[in-house]
Every structure is written in structure tokens, then in C-alpha cells.
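Structure at a glance
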2 protein chains.
Amino acid sequence: MKPFQAPLEDILFTLNDVAGAGELPDYDADLTAEIAGHFASFAEAEIAPLDEPGDRKGCRLEGGRVLMPDGFDKLFRAFAEQGWQGLTAPEAYGGQGLDATLLAVTSEIFTGANHALQMVTGLVPGAIRTLLAHGTEAQRAAHIPRLASGGMLATMCLTEPGAGSDLSRIRCRAEPAGDGWQLTGEKIFISGGDQNLSERILHLVLARTSDDGIRGLSLFLCPCTRRDGRRNGVSVTRIEEKMGLHASPTCQLAFDGAEAELIGDEGQGLRAMFTMMNHARADVALQGVAHAARATDIARHYAAERVQGRGPDGAPVALEAHADVRRMLDRMDALALGGRALAHLAVVAMERGDAEDLVEALTPIAKVHCTEAGIEAANLGVQVLGGYGYLAEYRIEQTYRDARITAIYEGANGIHARALVTRLMPGRSGDALERFLEAEAGEAVEGVTAWKAARRDLLGRSGPTPAAHDFMALTAEVLLQCLWQRMLSASERHPDPERIRRVGASAVATGRERILFHAAMVRLAA
Amino acid sequence: MKPFQAPLEDILFTLNDVAGAGELPDYDADLTAEIAGHFASFAEAEIAPLDEPGDRKGCRLEGGRVLMPDGFDKLFRAFAEQGWQGLTAPEAYGGQGLDATLLAVTSEIFTGANHALQMVTGLVPGAIRTLLAHGTEAQRAAHIPRLASGGMLATMCLTEPGAGSDLSRIRCRAEPAGDGWQLTGEKIFISGGDQNLSERILHLVLARTSDDGIRGLSLFLCPCTRRDGRRNGVSVTRIEEKMGLHASPTCQLAFDGAEAELIGDEGQGLRAMFTMMNHARADVALQGVAHAARATDIARHYAAERVQGRGPDGAPVALEAHADVRRMLDRMDALALGGRALAHLAVVAMERGDAEDLVEALTPIAKVHCTEAGIEAANLGVQVLGGYGYLAEYRIEQTYRDARITAIYEGANGIHARALVTRLMPGRSGDALERFLEAEAGEAVEGVTAWKAARRDLLGRSGPTPAAHDFMALTAEVLLQCLWQRMLSASERHPDPERIRRVGASAVATGRERILFHAAMVRLAA
């Protein structure tokens with residue numbers, strides 16, 4: 001088994017030399033590299049070794065409480081004590097006050113090392129952001145210090161039985177009680193809905209204050225402990241048995257008159273939730289990148305060591321010498337590099353704060369493309385390893401299983417594709433993306449022209465269309481053409497410029513064919 | 001969870017009305033339908049219910065012997081007693097004497113119901129065929145009756161540590177001993193290498209009688225019991241922990257001077273083995289089809305029942321009403337229908353016995369296309385179910401895991417693609433395939449022209465090429481265009497002609513785009 005190695009050089013390359021993090025006022029490239037290096041060492045030495053045992057052992061529900069796999073509690077304490085949990089929390093609330101680009105670096109590395117644990121801890125930065133954007137000062141002061149220190153973890157409680165992608169069907173009710181609210185209802189698919197890592201848990205719950213569809217939804221803070229110190233009325237009724245992410249407890253939660261506080265305005269639940277969800281979506285894009293990179297690393301290492309067949313001179317050669325294996329490895333590498341560039345582009349734009357319309361489009365595109373990239377790379381990685389890829393021993397089968405959820409959660413990819421076509425493209429986000437692509441076009445001009453034609457074509461139709469899927473793929477491919485231009489121009493600043501050029505040349509050439517294909521599929525679905 | 005339902009109508013449609021089984025001298029459509037119906041009932045009532053518990057519990061190695069999950073032994077006895085195990089064995093040896101088209105029907109249904117158990121029992125028909133083609137009368141008489149009755153199961157022992165796709169590296173040695181041979185060495189990835197279903201096991205072992213590369217390889221019959229009645233020198237040294245197929249024991253076997261008989265001529269091991277492998281490859285193609293069909297059935301059922309979102313009139317609608325879900329369901333259906341037509345075409349051609357060159361090409365193309373179809377359909381099926389697709393409860397995640405091995409075993413798909421380009425296309429198989437496509441072309445003439453150009457292009461190059469993958473995909477897509485023409489022409493003979501026409505129209509139109517894409521990728525990889 002290939003031990004986890006953080007792809008630090010690749011990460012810093014796209015962040016600094018492709019996505020332009022240097023333009024951000026608070027960004028410090030040296031500091032980022034230094035902190036990223038520290039986190040990489042911690043992830044390689046401490047976090048990654050628990051990935052396999054966590055997958056094997058999974059979580060257990062005992063006496064109504066979730067027990068994480070052995071060692072996860074100790075690991076989380078070390079992680080929190082070193083300040084990683086409060087990385088982006090303001091210093092005034094006990095955090096490190098660092099910016100979200102650094103979080104993009106550590107999140108990706110964390111997922112590559114141990115996706116399950118990253119899931120359980122990874123909603124905290126979004127919860128902090130939600131508190132900062134929508135909470136009162138009292139709410140911030142009550143919760144952010146605990147979230148930053150690791151004394152409290154957070155969950156995001158949206159989904160209910162019968163209300164997955166369709167939030168208008170949410171039935172969990174909030175009723176006024178004293179100076180606060182009481183929540184009653186059931187939530188499902190709650191990652192980290194309970195665990196034995198942190199003393200407390202803060203549930204961010206979307207609940208209904210009136211029957212007025214999505215306008216009847218508000219967001220609530222529901223800590224596991226009541227103000228009087230007793231346990232709140234939130235209980236775990238089951239944990240799901242899943243294909244992967246066995247060490248991430250996916251809980252069904254029952255709220256039984258649980259004490260809660262409104263955060264943000266009544267009836268503005270979706271707005272408040274989207275702050276958290278937008279952060280979570282960028283994070284999921286990075287999870288996809290992490291799986292693509294991890295799969296590539298495992299497969300490249302295996303293909304370099306494993307002798308298979310003979311070369312033209314009859315001498316035994318490594319697996320990597322075979323044309324089809326090289327094709328798969330380069331494709332995997334391109335998926336990781338390109339996906340990361342796209343995710344970093346979205347994160348930097350989000351932090352710049354001056355391109356909200358563009359960010360609205362880039363975030364779901366990155367979410368969809370990067371998660372599919374992770375799944376495709378994991379699939380290719382299994383294939384490179386052959387029979388060994390199917391065995392638990394080489395760990396790539398875990399990547400294959402763990403990666404699969406990313407195309408489903410934080411908005412199933414098909415929902416994002418539909419929203420791109422029906423909501424974003426006809427509006428300012430579509431225009432912003434078009435301006436961005438026109439400015440970037442360069443050698444990718446043909447792809448941009450095809451994209452603009454497809455956009456026009458779709459705008460002329462009404463309602464959801466089966467073309468949404470291919471339009472989403474087309475959009476991502478056109479963005480990737482632009483990003484590969486940036487990467488190729490900057491290749492000398494990567495420690496291995498030859499690799500960037502080789503993988504990039506192939507990604508650009510094959511990407512052109514994918515653009516033609518998806519553009520044709522969009523036309524077909526008319 | 002959707003109980004397994006055998007896709008009987010679809011199966012009989014492609015067999016009778018598309019692949020032309022009726023042209024076979026011994027084929028009886030009514031008898032096939034009747035026997036297929038009996039098997040479908042048995043599979044639905046008896047075989048399928050053990051699929052989930054088998055996956056959960058897996059096999060165990062205890063005291064050097066493999067224990068199958070509870071109930072598998074009883075199920076296998078019922079299966080054998082009803083005569084299914086001896087379906088294609090000649091009546092003279094106690095079998096039913098039925099033809100291989102019927103086996104294609106029962107194999108697919110068996111896999112859809114329980115891939116793991118199908119694996120353990122499914123090598124017997126190939127072993128019988130090998131004995132009939134290469135064995136002496138004494139060998140046939142000694143083994144076929146036991147294989148046909150279920151008293152003996154068979155294994156295929158090729159792979160060794162360090163010798164997967166590259167058989168020239170096989171080190172297992174055979175040495176003359178008395179009037180027979182002794183085998184010494186190690187084999188890995190042996191499906192059903194041990195089990196507690198049958199009293200006996202017949203290992204078909206590829207071993208080395210000289211150091212002369214693949215010309216030093218011979219095939220041996222190595223029963224688990226010696227002629228003197230004692231246990232033979234074959235032991236299970238471990239069983240693998242795998243992503244899926246948990247109820248199929250994948251064994252590492254040690255041969256320690258095991259008593260064995262040569263089958264076929266010394267040094268002709270590969271030739272004898274290929275009889276078994278060709279059968280196994282067609283069987284694996286059907287496994288891919290089975291997974292595609294099972295995934296489609298689960299997803300279609302879920303999408304029809306699950307309410308999600310609202311229609312144009314604001315009323316709640318089923319998931320299947322959404323454009324992107326319909327796109328996924330139709331694609332899955334097309335993968336199952338098209339893959340099955342291709343597999344049936346190969347099986348019927350194999351049985352006809354007058355088109356060996358064509359069969360040489362069709363078999364690996366069906367293997368590669370159908371296994372990738374199964375994996376793609378399972379992936380789409382998981383997506384249709386969303387979060388529920390990731391849960392063990394709905395069983396499609398098992399399809400996703402079980403299907404994945406099919407692209408790897410019986411020759412990794414990349415190896416078949418390479419062989420197609422380097423060995424088959426320059427020779428008579430390439431010519432036979434070209435003649436077949438020209439005769440079929442009809443409306444698919446553009447695709448056939450693109451394929452011929454790609455073939456010419458590849459013939460001008462030497463050695464393996466990264467284009468092999470796309471040439472394989474291109475070839476399958478062109479064949480599918482021809483098969484969809486046949487299906488569309490015959491649609492009125494299907495119980496649901498409208499479905500065949502809808503899915504077919506979309507498969508043809510999107511297939512044309514895939515042809516253009518793969519043809520362009522072949523040119524690029526030049």
C-alpha cells in the first residue's frame with residue numbers, strides 16, 4: 001500500500017500561479033507554503049494512518065450515542081490543539097484568522113488523508129461563516145470560540161425523508177417557546193450527527209415556521225446541550241450502512257421539542273443556509289480533487305513498481321511503460337490538476353468578493369466537475385492496478401467507494417446542472433461567466449464559441465432539459481481549456497514543468513474533442 | 001429494496017429477434033422461453049434472496065477450508081438437483097444436452113440474482129467444454145458426470161503473483177511423476193478455489209513443463225482428491241478481502257506436489273486454456289449485461305415511486321418525470337439492451353461455428369463493452385437514487401461494487417483493446433469484422449466508414465498504441481448502431497415496442513456522437 005503523500009507542489013502551483021491567489025489582499029504565499037507544509041506532515045503522519053482502520057471498523061451506535069473508530073478521538077484532539085480546527089475563525093474568537101485559500105489547501109489534504117474524518121470536522125468553517133454572516137453578536141460569542149477550539153463540532157441538518165433535493169417538502173417544525181424556539185421533526189443523512197470527538201455539537205437546522213413553501217423555512221442553531229445544562233431533545237435514531245465513508249457517521253436525528261435559537265431572519269432560512277452550503281460545495285469540489293490526486297498517486301506508484309510484460313527489446317518492463325496504462329495515468333493526472341485549478345479559481349474568486357455573479361456559477365461547476373473527476377480517476381486507478389485494485393489491501397477500492405458520494409451530497413450533480421441551465425445561465429451569472437470566458441479565450445476561442453452558441457440555444461428553451469447534464473460538462477471543459485492555458489504558460493514555475501506540459505498538451509487536445517461531443521449532445525437534447 | 005426480477009422479455013427479444021438464434025440448427029424458441037421462465041422463477045425465489053446476506057457475511061477461511069455464507073450450500077444443492085448445473089453437458093455424461101444460447105440466458109439471470117454464487121458455479125460449463133475439446137475419453141468419463149451433477153465444481157488457475165496479464169511469467173511447475181504429473185507453485189485470484197458447496201473440486205491449472213516462455217505452458221486437471229482417495233496437495237493459503245463479490249471466495253492456492261493429469265498436448269496449455277477462457281469471456285460479457293439490467297430495474301422502480309419536486313402545474317411529481325433522471329434511465333436501459341444484443345450476437349456466432357474469425361473479434365468486444373456498460377449503468381443507478389443509492393439498504397451500491405471486477409478479470413479490458421488492435425485487426429478477424437459491418441451498415445454507414453478509416457490508420461502503425469482504448473470503444477459503438485437497427489426493425493416483436501423505439505432512437509443519435517468522439521480520439525493518439 002502506498003502511504004498518503006500530500007500533493008503540496010501541485011497545490012501551491014495552481015493556487016499561486018494559476019488561480020492568482022496572490023491578488024488577494026491578505027494572501028501571503030510564503031506563509032501559505034509553510035503552513036501547508038506543516039499540515040501535510042501532520043496529515044501524512046497522523047491522519048492518514050487511521051483511514052484504513054476507520055474504513056474497516058466504521059462507527060457504531062451504542063446506547064443512543066455514536067462511537068467513532070478507535071483513535072479518532074485522540075487524533076481529533078491533536079488536530080484541534082494544533083489550531084487547525086480554528087484556522088479561518090477570527091482571532092477575536094480564538095481562531096487563527098487565516099484566509100479561506102489556506103483552508104482550501106488543508107481541506108484537500110485532509111480529505112486525501114482521511115475523507116471520513118474530514119467530513120465530520122469539515123462543516124465547522126461553514127458554520128463559523130454562517131454565524132459571522134447571519135448570527136447576532138451573542139450567538140457568535142457563544143459558539144465560535146468553542147467551534148474554533150474543537151470543543152464543539154457542527155452539523156448541517158437539511159434533508160428529511162421525502163425531502164432530499166426538494167427543500168419545499170421539509171416538514172420539521174419550529175414553534176416559539178419562551179424567548180426561543182422548539183424544533184420537532186426528523187432529519188436524515190446528517191454527517192457527524194453524533195460522535196465522541198467533541199464535547200458538544202451545534203446543529204444548524206432548517207425548519208418550518210409556516211406552511212409557506214420554501215418561504216416558510218428558517219435556520220436554527222440547536223446545540224446538543226440546553227441552556228440549563230441538560231441534554232437537548234435531539235437523539236440519534238439510526239446510523240446508515242453505506243458503501244463507503246464508514247468512519248463518517250451518517251445519522252438519522254429526531255428533534256423532539258429541542259431548544260433552538262433562530263439565526264438570521266424568520267423565513268430567510270434558505271438564504272442563511274446557502275452561506276453554509278456554498279462553502280460546503282467548494283469543499284466538496286476539493287474532496288473530488290483529493291480523491292483524483294490520491295488515486296493518481298496510488299496508481300502511479302504501483303505502475304512504476306510492478307513489472308508486467310516485455311518491451312520491444314524483450315526485456316521485462318514496468319506497467320507504466322504500456323501505452324494504455326500511460327493513457328490512464330495521464331488522464332488521471334489531468335483530472336486532478338485541472339479539477340484543482342477549477343476549484344482554486346472558484347475559491348479565489350469567492351475570497352476576492354468582487355465577482356459574486358461569477359462565483360455563483362463557478363461554485364456548482366467546480367462541485368460537479370471535480371466530484372466526477374474524483375470518481376473517474378478512482379475508476380481508472382482501480383483499472384491500472386487490475387486485480388489488486390479490487391482488493392482492500394491496496395486501498396484504491398476505498399477511494400472508489402468514498403469518492404462516489406461526492407456526486408450526490410451537497411446537491412446532486414444533476415440538480416446543479418439543472419440550476420445552471422434554468423437559473424444561472426439566463427441571469428447575471430451566465431453573463432459574468434461569458435465575460436470571463438471571452439477574456440480568457442486565447443487559444444480556447446473555439447471552445448468558447450461553442451459554449452456561447454450552446455448557451456444561446458438553451459436560453460431559447462423553457463424549463464428543465466435533458467441537455468443540462470451535457471451543458472454542465474461542456475462548461476467545465478471550456479473552463480478547463482482556459483485553465484490549462486494558464487497552467488501551460490506557468491509550467492516553468494512548477495517543479496516538474498515537463499509533466500505539466502505533457503499532461504496539459506494531452507488534456508487540451510482531448511478536451512477539444514470532449515467539447516465537440518458535449519456541444520453536439522446539447523444540440524441533440526433540444 | 002426492489003426484489004430481483006429477471007428481464008425475460010428483453011432477453012428473449014434480442015436472442016430470437018436480433019441475434020438470430022433461430023438460425024441455429026438445435027435452437028427451439030419455445031423450449032428456450034419455457035426453460036428460461038423456469039429458471040427465472042427459481043432465480044427470483046431462491047437465488048436472489050441470498051445475494052444481500054451473502055454480501056454482508058462473506059466467505060470465511062476456517063481450518064484451511066472455505067465456508068460459504070449460510071444457505072449457499074443448500075441453494076446449490078437445489079440448483080444442481082434441478083439439473084441447471086449440467087444444462088449444457090452432453091446427455092451421455094448425465095447432462096441436459098442443451099445448447100449454449102440457453103446457458104447465456106440462465107447465466108445472465110443467475111448473475112443478476114447473485115453474481116457471487118454465479119462466479120463459483122459458472123466455470124463448470126467452460127470446464128466441460130475444455131474436457132470435450134481437449135480431454136481423453138477417460139478424462140471426460142471421469143469428470144463430466146460429476147461436474148454435470150454438481151458433485152464437483154471447477155476452477156481456472158492461471159494467475160500467479162507477478163503473472164497477471166502476462167502469462168509468460170508463470171512459474172508454477174509440472175513434473176512427471178509415475179504415469180502422471182506433480183504440480184508445485186502458487187496461484188492467486190482463484191475464484192471458488194475452495195468452497196463447501198460441492199464434494200469435489202476440479203482445478204484446471206496452467207503450469208510450466210519447460211522454461212520456454214508461453215510454449216512451456218501446459219494445462220492440467222488437478223482434482224482435490226487423489227486417485228488413492230486421499231486429499232490432494234492443494235491448499236488455500238488465504239482468501240482475499242475485496243470491494244465486492246464477498247460471497248465469492250477469491251483464493252490463493254498452494255500446489256505442493258499435487259497429483260495432476262495433462263489435458264491436451266504438452267506445451268499447448270494456452271490453446272487448451274483459451275477454450276475455457278473464450279467461454280468465460282462471453283460469460284463475463286453477460287455479467288456486465290446482468291448488472292446493467294439490474295441497475296436499470298432498481299433505478300426505474302425507485303424513480304417511479306419516489307416523489308420529488310413539482311411539475312409545471314405545481315403538483316408533486318415522481319422522480320422519473322425529471323428530464324435529467326429520464327436521461328439517465330434511458331441511457332441505462334440502452335446500455336442493458338444494447339450490451340445484451342452484442343453479447344447474444346457473439347454467443348450465437350460462437351454456436352453457429354462457421355464464423356470463427358468473427359467470433360475471435362466479437363468475444364473481446366462484447367466482454368469490454370458489456371462490462372463497461374454494467375459499470376456505467378450501476379454508476380448512473382446510484383446517481384438516480386441519490387443518497388439512498390449510497391446506502392446498503394437499496395442494494396444498488398452492491399451492484400456498483402460487484403460490477404467493478406468485470407472490467408478486470410478474464411483479461412483486463414485494456415489488454416483486450418490492445419489485442420484487438422495489434423493482433424486481431426491486422427488479421428482475418430479484422431477482415432471478418434469489416435465484412436460483417438459492411439453487410440450490416442444500412443443507416444449506420446457513416447459509422448462504418450469512420451471505423452474502416454480508423455482501422456486503416458491503426459494498421460499503418462506498429463506496436464501498442466494509446467489509441468487502442470478508443471478504437472475498442474469505437475468498434476463497439478459501430479456494432480451497436482447495427483444492432484439498434486436490428487432492434488428498431490424488430491421492435492414490434494417486443495412486448496413494449498414504444499420503449500424499444502424511444503430508447504433506441506436516443507441510443508442511435510447519441511451513439512453517432514460517441515462514434516465521432518472515439519474516431520477523433522483514435523486520430524489524436526496517433
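Rules used throughout
Residues numbered from 1 in each chain as written. Chains lettered and ligands numbered in written order. Predicted model: local features only at pLDDT ≥ 70, side-chain atom pairs only at ≥ 80, totals over all residues. Heavy atoms only, no water. Helix = DSSP H or I, 4+ residues; strand = E, 2+ residues; numbered from the N terminus. Rg over C-alpha atoms; globule rule 2.2 N^0.38 Å. Buried < 20%, exposed > 50% of the residue type's maximum accessible area, 1.4 Å probe, protein only. Contact = heavy atoms within 4.5 Å. Areas by Shrake-Rupley, 256 points an atom, 1.4 Å probe, with all protein chains shown as cover. Lys, Arg positive; Asp, Glu negative; His and termini not counted. Charge placed at Lys NZ, Arg CZ, Asp CG, Glu CD. Domains from an automatic or database assignment. Buried area = accessible area lost by both parts, 1.4 Å probe. Axes fitted to C-alpha atoms, helices over the stretch in contact; angles between N-to-C directions. Parallel < 35°, antiparallel > 145°, perpendicular 65-115°, else oblique. Left-handed = near helix turned anticlockwise from the far one by under 90°. Nonpolar A, V, L, I, M, F, W, Y, C, P; charged D, E, K, R; others polar. UniProt positions renumbered as here; feature names shortened; annotations may be inferred. Salt bridge = Lys/Arg side-chain N within 4 Å of Asp/Glu carboxyl O. Polar contact = N/O pair within 3.5 Å; in protein donor to acceptor, adjacent residues only side chain to side chain. Least-squares fit on C-alpha atoms with pLDDT ≥ 70 in both. pLDDT = per-residue confidence, 0-100. Core = buried A, V, L, I, M, F, W, Y, C linked by side-chain atoms within 4.5 Å. Phe/Tyr/Trp six-rings, centres within 6.5 Å; stacked < 30°, edge-to-face > 60°. Lys NZ or Arg CZ within 6 Å of the ring centre and 35° of its normal. Pairing = 2+ DSSP bridges. Disulfide = S-S within 2.5 Å.

**What to know about the overall build of chain A**
Helix and strand counts for chain A come out as 16 helices and eleven strands. The C-alpha atoms of chain A give a radius of gyration of 23 Å, which matches the 24 Å a tight globule of 526 residues would have. If you line up chain A on its principal axes, its C-alpha atoms span 80 × 55 × 40 Å. Per-residue burial over chain A gives 63% buried out of 526 residues. The long-range fraction of contacts in chain A, counting pairs at least 24 apart against all pairs at least 6 apart in sequence, stands at 74%. Roughly 18600 Å² of accessible area belongs to chain A as shown, and the carbon and sulfur atoms make up 49% of that amount. Put simply, chain A has 54 plus and 70 minus side-chain charges, and the middle of one group is 4 Å from the middle of the other.

**A short note on the domain arrangement of chain A**
All names here are of chain A. Here chain A is partitioned into domain 1 (8-148), domain 2 (152-269) and domain 3 (412-526). Distance between the C-alpha centres of domain 1 and domain 2: 22 Å. Each side of the interface is counted separately: domain 1 has 33 residues, and domain 2 has 33 residues. With both sides pooled, the region where domain 1 packs onto domain 2 buries about 2800 Å², and carbon together with sulfur makes up 68% of that total. Broken down residue by residue, the surface that domain 1 buries against domain 2 is led by V66, V120 and R146, which jointly contribute 20%.

**As for the packing of helix α15 (residues 468-489) of chain A against helix α16 (residues 497-524) of chain A**
Residue and element names in this part refer to chain A. With their axes 9 Å apart at the nearest point, α15 and α16 run at an angle of 155° to one another. In terms of orientation, α15 lies roughly antiparallel with respect to α16. The way α15 lies across α16 gives a crossing that is left-handed. Its residues assigned to classes, the contact of α15 with α16 comprises 17 nonpolar, four polar and five charged.

**Describing the UniProt feature "domain: Acyl-CoA dehydrogenase/oxidase C-terminal" (unreviewed entry) in chain A**
The sites that carry the UniProt feature "domain: Acyl-CoA dehydrogenase/oxidase C-terminal" (unreviewed entry) are, in the present numbering, residues 267-424 of chain A. Taken end to end, residues 267-424 of chain A is 75% helix and 4% strand, and its first and last C-alpha atoms sit 23 Å apart.

**Regarding the interface of chain A and chain B**
On the chain B side, the residues contacting the 63 residues of chain A number 63 residues. Roughly 5300 Å² of surface becomes buried between chain A and chain B when both sides are summed, with 58% attributable to carbon and sulfur atoms. Three residues, M243, Y390 and Y400 of chain A, lead the burial of chain A against chain B; their summed loss comes to 15% of the area buried on that side. For the pair chain A and chain B, the number of links is four salt bridges. Measuring nitrogen to oxygen at the nearest pair gives 3.0 Å for the salt bridge that ties R238 of chain A to E393 of chain B. Run the count over chain A and chain B and you get 22 residue pairs in polar contact (both at pLDDT 80 or more). Residue assignment for the side of chain A that touches chain B shows that the elements contributing at least two residues are β5 (180-191), β10 (307-310), α9 (323-352), α10 (356-385), α11 (396-404), α12 (413-424) and α16 of chain A. By residue number, the principal contributor to the side of chain A that touches chain B is α16 of chain A, which donates eight residues. Tallied by class, the residues present in the side of chain A that touches chain B amount to 27 nonpolar, 17 polar and 19 charged.

**Observations regarding helix α2 (residues 29-47) of chain A**
All names here are of chain A. Among the residues of α2, those classed as buried are T32, I35, A36, G37, F39, A40, F42, A43 and I47. In this structure, the buried side of α2 is in contact with α1 (8-18), α3 (51-57), α4 (72-81) and α5 (100-121). Capping the start of α2, D28 holds a side-chain oxygen 3.0 Å from the backbone nitrogen of D30, two or three residues further along.

**Looking at the packing of α10 of chain A against α12 of chain A**
All names here are of chain A. It is at 10 Å that the axes of α10 and α12 come closest, and there the two elements cross at 150°. What the angle tells us is that α10 and α12 run roughly antiparallel. Note that α10 runs across α12; the crossing there is left-handed. Touching E360, A361, P364, I365, K367, V368, T371 and E372 of α10 are N413, H416, L420, R423 and L424, all from α12. Considered class by class, the residues forming the contact of α10 with α12 number six nonpolar, three polar and four charged.

**Details of the pattern of salt bridges**
Under the counting rule described, the total for this entry stands at 82 salt bridges over all chains. A cluster of three or more residues bridged by salt bridges with shared partners is formed by E52, D55, R56, R395, E397 and R401 of chain A together with E241 of chain B.

**Some points on the relation of the copies chain A and chain B**
Superposing chain A onto chain B takes a rotation of 180° combined with a translation of 0.0 Å along the rotation axis, leaving an RMSD of 0.0 Å. Classification of the inter-copy transformation places it as that of a two-fold axis. For chain A, the smallest separation between a C-alpha atom and the rotation axis is recorded for F517 of chain A, amounting to 3.1 Å. Take the interface residues of chain A: 100% of them recur as interface residues in chain B, which is what a same-surface contact looks like.

**Brief notes about the confidence of the model for chain A**
Confidence in the prediction of chain A, expressed as mean pLDDT, is 95, and 100% of residues score 70 or more. For this predicted complex, the interface score ipTM comes out at 0.97, while the overall pTM is 0.97.

**Brief notes about the nonpolar core**
Taken as a class, soluble globular proteins show a tendency for nonpolar side chains to be buried jointly. With 249 residues, the main nonpolar core has L183 and V384 of chain A together with V384 of chain B as its most contacted residues. With residues near it in sequence (within four places) discarded, V384 of chain B still touches A299, Y302, A303, L319, V325, M328, L329 and M332 of chain B.

**Topic: the packing of aromatic side chains**
Any aromatic ring pair is given by two values, namely how distant the centres are and how the planes are angled relative to each other. Here the structure, examined in full by the defined rule, presents 28 aromatic pairs over all chains. Site record: aromatic cluster; members linked through ring pairs are F39, F42, F76, F79, W84 and F110 of chain A. Seen from the ring of Y400 of chain B, R404 of chain A lies directly overhead, with NZ or CZ sitting 5.8 Å from the centre.

**Some words on the environment of A258 of chain A**
Residues and elements named next belong to chain A. For A258, the position within the fold is in strand β9 (residues 250-263). Linking A258 and T88, residues 170 residues apart in sequence, is a C-alpha distance of 29 Å. Setting aside chain neighbours within four positions, we find A258 in contact with W181, Q182, L183, C222, N232, G233 and V234.

**Quick look at helix α11 (residues 396-404) of chain B**
In terms of residue burial, α11 of chain B counts as a mostly covered element, since nine of its nine residues are buried. For α11 of chain B, the set of buried residues is I396, E397, Q398, T399, Y400, R401, D402, A403 and R404 of chain B. Tucked into the core, α11 of chain B has its buried residues touching α10 and α11 of chain A together with α3 (51-57), α5 (100-121), α8 (269-305) and α10 (356-385) of chain B.

**Digging into the pairing of strand β7 (residues 217-223) of chain B**
Residues and elements named next belong to chain B. Extensive coverage of β7 is indicated by the burial of seven of its seven residues. As judged from the seven bridges shared by strand β6 (residues 200-208) and β7, these two strands associate in the antiparallel manner. Residue L204 lies in a different strand from β7, and its bridge partner there is L221. Bridge count between β7 and strand β9 (residues 250-263): three bridges; the pairing is antiparallel. Residue L219 lies in a different strand from β9, and its bridge partner there is I263.

**Here's the deal with the environment of I128 of chain B**
Residue and element names in this part refer to chain B. For I128, the location among the structural elements is in helix α6 (residues 124-134). As a C-alpha pair, I128 and P90 span 38 residues in sequence and 9.2 Å in three-dimensional space. Once residues lying within four places of it in the same chain are set aside, the contact partners of I128 are A89, P90, I144 and L147.

**Some points on unusual backbone geometry**
Phi is positive for F189 of chain A, close to 60°, though the residue is something other than glycine. Within the element layout of this structure, F189 of chain A appears in strand β5.

**Observations concerning the state of the cysteines**
Residue and element names in this part refer to chain B. Applying the stated rule across the entire model yields zero disulfides over all chains. In this model C251 remains outside any disulfide bridge; the closest cysteine sulfur is found in C59, 7.9 Å from its own. You can call C251 buried: its relative accessible area is 0%. With no disulfide of its own, C482 has C370 as its nearest cysteine by sulfur position, at a separation of 15 Å. On the basis of relative accessible area, C482 is assigned to the buried category, the value being 1%.

**Here we look at the pairing of strand β3 (residues 152-157) of chain A**
Residues and elements named next belong to chain A. Here β3 lies mainly inside the structure; six of its six residues are buried. Here β3 shows two buried faces, one formed by M152, A154 and M156 and the other by L153, T155 and C157. The sheet contact formed by β3 and strand β6 (residues 200-208) spans six bridges and is parallel. Directly across from A154, in β6, lies its bridge partner L202.

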